[in-house]
Amino acid sequence: MIREAINAHPAFQTLSRKVYAKGSYANNTNVRSDSDVDIAVECTNLFYYDKTSPDLGTSITPYSGEWGDPQKLRDELIVALRAKFGSDVDTSGSTAIQVHSSSARVEADVVPCFEYRHYYSATSWVEGARVYKTDGTYVNNFSALQLTNGRNKNTRTNQAYKKTVRILKRLENAMAADGSHREVPSFFVECLVYNCPDSLFAASTWTETVKGVLSHIYASLQGAEPSGEDDRWREVNETKFLFHVVQKWTRQDGLDFAEAGWNYLGLGNA
């Protein structure tokens, strides 16, 4: 229905775009209490980019069309969604446009964004999406890489990786619901599990798998962030460091979550 609203909007006839699900729903790591769907509406008329070094040569023609303004994309998307869903459209958020659920659909977060590339050389880059917030700041996401890397790890672990992610997300929801621990972002939980060795997911029982994962997270996040890049944990996309100054979480948050989960489940001595 989101796609129908976008296709019906007259202003979008000149918009080259990709519309796709992203996040835990697309990656099959969502749980019932986190059942909203993240939908990206990505403008591909142009792309934003960064380079690994300022002197890296690239031959990119500047864009001069009508879709270069992030606010225009957001405004037109709001018009398109309101034409379809009326008062169920909530624009109060700084990033996503919420479409509230009804008996015919689930809750949806619709995110306007632009194609983004990070260049490693003039001919080599990793592709993602740049998401502008209402205050003009932005974040670069790599949903396709998250999807691919998550699937690959799930295959390597005989489908145990994503099941473990869902177990720990349910654990996080349970702890938050009864006040045993503060709420932790769903994506952060997924990243913590992703950084655990594949061998931990080969345990003979789910209890042993969860014990191994929580123990590894707790032990690995002791102390300061490593100075060597190869020793630092990364998001599932493997492009962005999991811990840095602009993230919504810290190493301590991951350590606290692992300890709280261990105690909540009564797993005993490590």
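For the structure, check the block above.
Novice: Would you take a moment to explain the overall build of the protein for this structure?
Specialist: Along the protein, the regular secondary structure elements total eight helices and seven strands. Taking 270 residues into account, the globule formula puts the C-alpha radius of gyration at 18 Å, and the protein, at 20 Å, falls close to it. Dimensions of the protein along its principal axes, counting C-alpha atoms only, are 60 × 55 × 35 Å. The buried share of the protein, reckoned over its 270 residues, is 43%. For the protein, restricting intrachain contacts to residue pairs at least 6 apart in sequence, the fraction spanning at least 24 positions comes to 60%. The distance from the centre of the 29 positive side-chain charges to the centre of the 33 negative ones in the protein is 4 Å.

Novice: Could you clarify how one ought to interpret the pairing of strand β6 (residues 125-132) in this entry?
Specialist: It is a general feature of regular strands that their side chains alternate between the two faces of the sheet. Within β6, six of the eight residues are buried, which leaves it mostly tucked inside the rest of the structure. The pairing of strand β5 (residues 108-119) with β6 spans six bridges and is antiparallel. By the bridge assignment, arginine 117 is partnered in β6 with glutamate 127. Linking two consecutive strands that pair antiparallel, namely β5 and β6, is a turn of five residues. Here β6 hands over to strand β7 (residues 138-141) after five residues, with glycine 136 in that stretch at a positive phi of 95°.

Novice: I would appreciate a short explanation of the packing of aromatic side chains in the present structure.
Specialist: The way to describe two aromatic rings as a pair is by their centre distance and the angle between their planes. With the rule as written, the count across this model stands at 14 aromatic pairs. Judged by centre distance (5.2 Å) and plane angle (50°), the rings of tyrosine 119 and tryptophan 125 are tilted. Relative accessible area serves as the criterion here: at 3%, tyrosine 119 is assigned to the buried category. By relative accessible area, which is 36% here, tryptophan 125 ends up partly exposed. Centre to centre, the rings of tyrosine 161 and tyrosine 194 are 5.9 Å apart; their planes meet at 70°, and the pair counts as edge-to-face.

Novice: I'm lost on the environment of tyrosine 63 in this one. Help?
Specialist: Residue position: tyrosine 63 is located in the loop between β2 (37-51) and α3 (70-85). Residues tyrosine 63 and phenylalanine 47, 16 residues apart in the sequence, show an inter-C-alpha distance of 8.5 Å. In this structure, tyrosine 63 is in contact with Asn45, Leu46 and Gly68, ignoring residues within four places of it in sequence. A distance of 3.3 Å separates a polar atom in the side chain of tyrosine 63 from the backbone nitrogen of glutamate 66.

Novice: Just checking my understanding: could you explain the nonpolar core for this structure?
Specialist: Within soluble globular proteins, side chains that are nonpolar generally end up buried alongside one another. If you look at the biggest cluster of nonpolar residues, it comprises 31 residues, and the most contacted ones within it are Leu168, Leu192, Ile217, Leu242 and Phe243. Of all the elements in the fold, those that place two or more residues in this core are α5 (160-177), α6 (186-194), α7 (206-220) and α8 (251-265). When residues no more than four places from it in sequence are discounted, the contact partners of isoleucine 217 are Leu192, Cys196, Trp233, Gly254 and Ala258.

Novice: It is not clear to me how the side chain of asparagine 154 should be interpreted in this structure. Could you clarify?
Specialist: Its location among the elements puts asparagine 154 in helix α4 (residues 143-156). Once residues within four sequence positions are removed from consideration, asparagine 154 is found in contact with Gln159, Ala160, Tyr161 and Lys162.

Novice: Explanation requested: the packing of α4 against α6 in the structure shown.
Specialist: To describe two helices that pack against each other, one gives the angle between their axes and the distance between the axes. It is at 12 Å that the axes of α4 and α6 come closest, and there the two elements cross at 45°. Classed by the angle they form, the pair α4 and α6 counts as oblique. The chirality of how α4 crosses α6 is left-handed. On α6, the residues touching Gln146, Asn149 and Lys153 of α4 are Phe187, Glu190, Val193 and Tyr194. Residues of the contact of α4 with α6, tallied by class, amount to three nonpolar, two polar and two charged.

Novice: So what exactly am I meant to see when it comes to the packing of α4 against α5 here?
Specialist: Axis separation between α4 and α5 bottoms out at 6 Å; the angle between their running directions is 110°. The angle between α4 and α5 places the two elements in the roughly perpendicular class. Of the residues in α5, those touching α4 at Gly150, Arg151, Lys153 and Asn154 are Ala160, Tyr161 and Lys162. Broken down by class, the residue content of the contact of α4 with α5 amounts to two nonpolar, two polar and three charged.

Novice: I'm lost on the pattern of salt bridges in this one. Help?
Specialist: In a structure, side chains of opposite charge can pair up when their charged atoms sit close to one another. Tallying each qualifying case throughout the model produces 15 salt bridges. Between lysine 153 and aspartate 198 there is a salt bridge; the shortest N-O distance is 2.5 Å. With a gap of 45 residues between them, lysine 153 in helix α4 and aspartate 198 in the loop between α6 and α7 connect regions that are remote in the sequence. When its relative accessible area of 27% is taken as the criterion, aspartate 198 is described as partly exposed. With its nearest N and O atoms 3.9 Å apart, the salt bridge here joins glutamate 208 to lysine 211. Of the two residues, glutamate 208 and lysine 211 both sit in helix α7, three residues apart, roughly one turn of that helix. In this structure glutamate 208 comes out as partly exposed when scored by relative accessible area, which is 39%. If you follow the salt bridges from partner to partner, you end up with Lys18, Glu42 and Glu127 in one network.

Calculation criteria
- Residues numbered from 1 in each chain as written.
- Predicted model: local features only at pLDDT ≥ 70, side-chain atom pairs only at ≥ 80, totals over all residues.
- Heavy atoms only, no water.
- Helix = DSSP H or I, 4+ residues; strand = E, 2+ residues; numbered from the N terminus.
- Rg over C-alpha atoms; globule rule 2.2 N^0.38 Å.
- Buried < 20%, exposed > 50% of the residue type's maximum accessible area, 1.4 Å probe, protein only.
- Contact = heavy atoms within 4.5 Å.
- Lys, Arg positive; Asp, Glu negative; His and termini not counted.
- Charge placed at Lys NZ, Arg CZ, Asp CG, Glu CD.
- Pairing = 2+ DSSP bridges.
- Phe/Tyr/Trp six-rings, centres within 6.5 Å; stacked < 30°, edge-to-face > 60°.
- Polar contact = N/O pair within 3.5 Å; in protein donor to acceptor, adjacent residues only side chain to side chain.
- Core = buried A, V, L, I, M, F, W, Y, C linked by side-chain atoms within 4.5 Å.
- Axes fitted to C-alpha atoms, helices over the stretch in contact; angles between N-to-C directions.
- Parallel < 35°, antiparallel > 145°, perpendicular 65-115°, else oblique.
- Left-handed = near helix turned anticlockwise from the far one by under 90°.
- Nonpolar A, V, L, I, M, F, W, Y, C, P; charged D, E, K, R; others polar.
- Salt bridge = Lys/Arg side-chain N within 4 Å of Asp/Glu carboxyl O.

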